[in-house]
Amino acid sequence: MSAGIVSYGAYVPRYRIKVDEIARVWGDDANSLKSGLMVHEKSVPDFDEDTATIAVEAARYAVKRSGINAQRIGAVYTGSESHPYAVKPTSTIVAEAVEATPVMTAADYEFACKAGTAAIQTCMGLVQSGMIDLGLAIGADVAQGAPGDALEYTAAAGGVAFIIGSKETEFLAVIEDTYSFTTDTPDFWRREGMPYPEHGGRFTGEPGYFKHVTHAAKGLMAKMGTKPGDYDYAVFHQPNGKFPSRAASILGFTKEQIKPGLVVPKLGNTYSGSCMMGIAATLDQAKPGDRIFATAFGSGAGGDAFSFTVTDKIEEIRNKAPTVMELLADPIYVDYATYAKHKGKIRLA
Amino acid sequence: MITMSVPRFWRKQVARYNLIGTHCTNCKTYYYPPRNMCPKCRRDGKLENFKFSGKGEILTYTVIHTAAEGFEKQTPYVLGIVKLEEGPSLTSQIVADPEDMKIGMKVRPVFRKLGESSEKGMIYYGTKFVPE
Ligand SMILES: [Zn+2]
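In this text, all values refer to a predicted model and were calculated from it rather than measured experimentally.

Each neighbour pair has its own omega, and for Gly 300 of chain A with Ala 301 of chain A the value is 5°, a cis peptide bond. Within the element layout of this structure, Ala 301 of chain A appears in the loop between strand E12 (291-298) and strand E13 (302-310). Residues Tyr 32 of chain B and Pro 33 of chain B are joined by a peptide bond in cis, for which omega reads -5°. Phi at Glu 99 of chain A takes a positive value of approximately 60°, unusual for a residue other than glycine.

See the structure below:
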């Protein structure tokens, strides 16, 4: 039995802050940051938005886009590194809000930025084994960077939900195969109860991101006997614009292949939502028969690679929910003081 | 700060998350929040659960400048009475710039945090409205 994407939904909060504005506050050089990171602005959650509300909005759009009966969903997995509760699942909130409860299983996932793709893989196994009919896999985050830390320029908010199934007539894209590469690498972490993550400085690039992304990507292509030229589009985890561009070039993918999925310059890094947002943005414009290659990365560390082929169904349901470009349009820009209030960086008594 | 007890909020949770009310099939009236009895038909009422579309319009609104405890960060914010397209009205926070508010404007529902009982207490989620 095969597995496929039956639907997808994305959500991005309405507010943005420009890199120039953050740089102004900290006295940094905005132009060198923008060209270095290839990020110009990032999304900011509203006061009353968190990972759970973002996951719900994305999941509701996924249900709406396909028109499936949510009671068919047998599993809900939400991947995030900013679950609102330390103990109490985000996934039960989502499941209740899309009316998938009560005959279903649910759990929350954590694996830095690839917890959402780990949820996709779990759902693939469950639908292919026949244990469940449909699975809902979500990656969502309201990422935090400490004030003044380099991560503050990119840490953004957003989420993406995929509905995974095994009935080929329902697929908008077939998931041809997946391949993961995982090691124990301390490139980025956050201890329980600490508000902001720590990172291993220059240690985050080579032995973290590039090693795991290239091994996962090459591993999948070797397993399938495919090469970069076989794909119309490619998506790589995008903590900034530089990393995925370089990963693409190392692997032999072109700028044109990664262009539709490279949403980070106007969005920032949505962590668990990052690679999935790129896949969603690519599905928003892919044509039937197009092949998409994707590799997510999570610090800690691991890479999950996927190969998709888009079906005729995409044309039928694509416009039944907002596209990523529609979600990015018409933002409300905030200044640093408002941003700090939104993110709770200023703690009022 | 929301002072409602955890059990009380939980009993109303599904209605709050998904705008589920009741419809009396005898007199064709819709109710939100859900009712156990139709006040018009009394004993003759036939009630069923009904999920509202969430589409509605602003009947009236007020801008809150001095917030209740727990909402200080959000001021100024808008509280409005939304008339749902099926008939009933409800009070809700409207996620909009106070200057953009107009009586009669169309709104749609969003899933948001309604509040929390304290920093270590429960977080309450549910429906608010945004301009269409
Ligand atoms: Zn009645």
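Here the narrative resumes.
Turning to the environment of Gly 278 of chain A, a few remarks are in order. Residue and element names in this part refer to chain A. Along the chain, the position of Gly 278 falls in helix H10 (residues 274-283). Measuring from C-alpha to C-alpha, the distance between Gly 278 and Asp 184 comes to 26 Å, with 94 residues separating the pair along the chain. Residues contacting Gly 278, with those up to four places away along its chain left out, are Val 235, Gln 238, Gly 261 and Val 263.

This next bit is on helix H7 (residues 242-251) of chain A. All names here are of chain A. Taken residue by residue, H7 has Pro 244, Ala 247, Ala 248 and Leu 251 as its buried positions. Buried residues along H7 cover an arc of 100° about the axis, so they all sit on one side. Against helix H6 (205-224), strand E11 (233-236) and helix H8 (255-258) lie the buried residues of H7.

Let us look at the domain arrangement of chain A. Residues and elements named next belong to chain A. For chain A, the assigned domains are domain 1 (3-171 + 318-342) and domain 2 (175-315). Centre-to-centre separation of domain 1 and domain 2, based on C-alpha positions: 16 Å. Facing the 62 residues of domain 1 at the interface are 52 residues of domain 2. With both chains or domains summed, domain 1 and domain 2 bury close to 4400 Å², and 63% of this area falls on carbon and sulfur atoms. Across the pair Lys 266 and Glu 41 runs a salt bridge whose closest N-O atoms are separated by 3.7 Å. Scanning the region where domain 1 abuts domain 2 turns up 21 residue pairs in polar contact (both at pLDDT 80 or more). The dominant element in the side of domain 1 that touches domain 2, judged by the number of residues it contributes, is helix H5 (residues 115-128), at seven residues. Among the residues forming the side of domain 1 that touches domain 2, the class breakdown is 34 nonpolar, 18 polar and ten charged.

Moving on: the interface of chain B and chain A. Taken together, the contact between chain B and chain A spans 22 residues of the former and 23 residues of the latter. Overall, the association of chain B and chain A removes approximately 1900 Å² of surface from exposure, summing both partners, and the carbon and sulfur fraction of that is 49%. Counting the surface chain B buries against chain A, the share from its top three residues, Lys 73, Phe 111 and Arg 112 of chain B, is 36%. Summed over the shared surface of chain B and chain A, the number is five salt bridges. For the side of chain B that touches chain A, the secondary structure elements donating two or more residues are helix H2 (13-18), strand E7 (106-116) and strand E8 (123-131) of chain B.

Residue and element names in this part refer to chain B. Every protein donor of the zinc ion is accounted for by Cys 24 (SG), Cys 27 (SG), Cys 38 (SG) and Cys 41 (SG), and the metal-donor separations fall at 2.3 Å. Look at where the donors of the zinc ion fall in the sequence and you get C-x2-C-x10-C-x2-C. Taken together, the residues Cys 24 in strand E1 (residues 20-24) and Cys 41 in the loop between strand E2 (29-31) and strand E3 (47-51) connect sequence positions 17 residues apart. On the basis of relative accessibility, which here comes to 0%, the residue Cys 24 falls in the buried class. By relative accessible area, which is 13% here, Cys 41 ends up buried.

Residue and element names in this part refer to chain A. Evaluated as defined, the whole model comprises 19 aromatic pairs over all chains. Between the aromatic rings of Tyr 231 and Phe 293, the centroid separation amounts to 5.1 Å while the plane-to-plane angle is 65°, which identifies the pairing as edge-to-face. Residue Tyr 231 is found in the loop between H6 and E11, and its partner Phe 293 is found in strand E12; the two are separated by 62 residues along the sequence. Like Phe 293, Tyr 231 is buried. Each ring, one from Phe 253 and one from Phe 293, has its centre 5.4 Å from the other, and the planes form 25°; the classification is stacked. Remark: Phe 293 occurs in strand E12 and Phe 253 occurs in the loop between H7 and H8; sequence separation between them is 40 residues.

So, about the pattern of salt bridges. Proximity of charged atoms lets side chains of opposite charge pair with each other. Within the structure shown, the criterion is met by 21 salt bridges over all chains. When the shortest N-O distance is used, the salt bridge between Asp 46 of chain A and Arg 112 of chain B registers 3.2 Å. With one member in each of two chains, Asp 46 of chain A in the loop between strand E3 (41-44) and helix H3 (51-66) and Arg 112 of chain B in strand E7 form a pair that bridges those chains. Owing to a relative accessible area of 6%, Arg 112 of chain B belongs among the buried residues under this scheme. Where Arg 72 of chain A meets Asp 133 of chain A, a salt bridge forms, and the shortest distance between an N and an O atom there is 2.7 Å. Residue Arg 72 of chain A is located in the loop between H3 and strand E4 (73-79), and its partner Asp 133 of chain A is located in the loop between H5 and strand E6 (134-142); the two are separated by 61 residues in the primary sequence. In this structure Arg 72 of chain A comes out as partly exposed when scored by relative accessible area, which is 22%.

A few words now on the sheet that holds E3 of chain A. Residues and elements named next belong to chain A. Strand order in the open sheet made by the three strands is E3-E2-E14, with mixed pairing throughout. Only two strands of the sheet have a single partner each, and these edge strands are E3 and strand E14 (332-333). Two elements, strand E2 (residues 15-18) and E14, share two bridges in a ladder whose sense is parallel. Directly across from Tyr 15, in E14, lies its bridge partner Ile 332.

Calculation notes
Residues numbered from 1 in each chain as written. Chains lettered and ligands numbered in written order. Predicted model: local features only at pLDDT ≥ 70, side-chain atom pairs only at ≥ 80, totals over all residues. Heavy atoms only, no water. Helix = DSSP H or I, 4+ residues; strand = E, 2+ residues; numbered from the N terminus. Contact = heavy atoms within 4.5 Å. Buried < 20%, exposed > 50% of the residue type's maximum accessible area, 1.4 Å probe, protein only. Arc of directions from axis to C-beta. Domains from an automatic or database assignment. Buried area = accessible area lost by both parts, 1.4 Å probe. Salt bridge = Lys/Arg side-chain N within 4 Å of Asp/Glu carboxyl O. Polar contact = N/O pair within 3.5 Å; in protein donor to acceptor, adjacent residues only side chain to side chain. Nonpolar A, V, L, I, M, F, W, Y, C, P; charged D, E, K, R; others polar. Donors = N, O, S within 2.8 Å, 3.2 Å for Na, K, Ca; no water. Phe/Tyr/Trp six-rings, centres within 6.5 Å; stacked < 30°, edge-to-face > 60°. Pairing = 2+ DSSP bridges.

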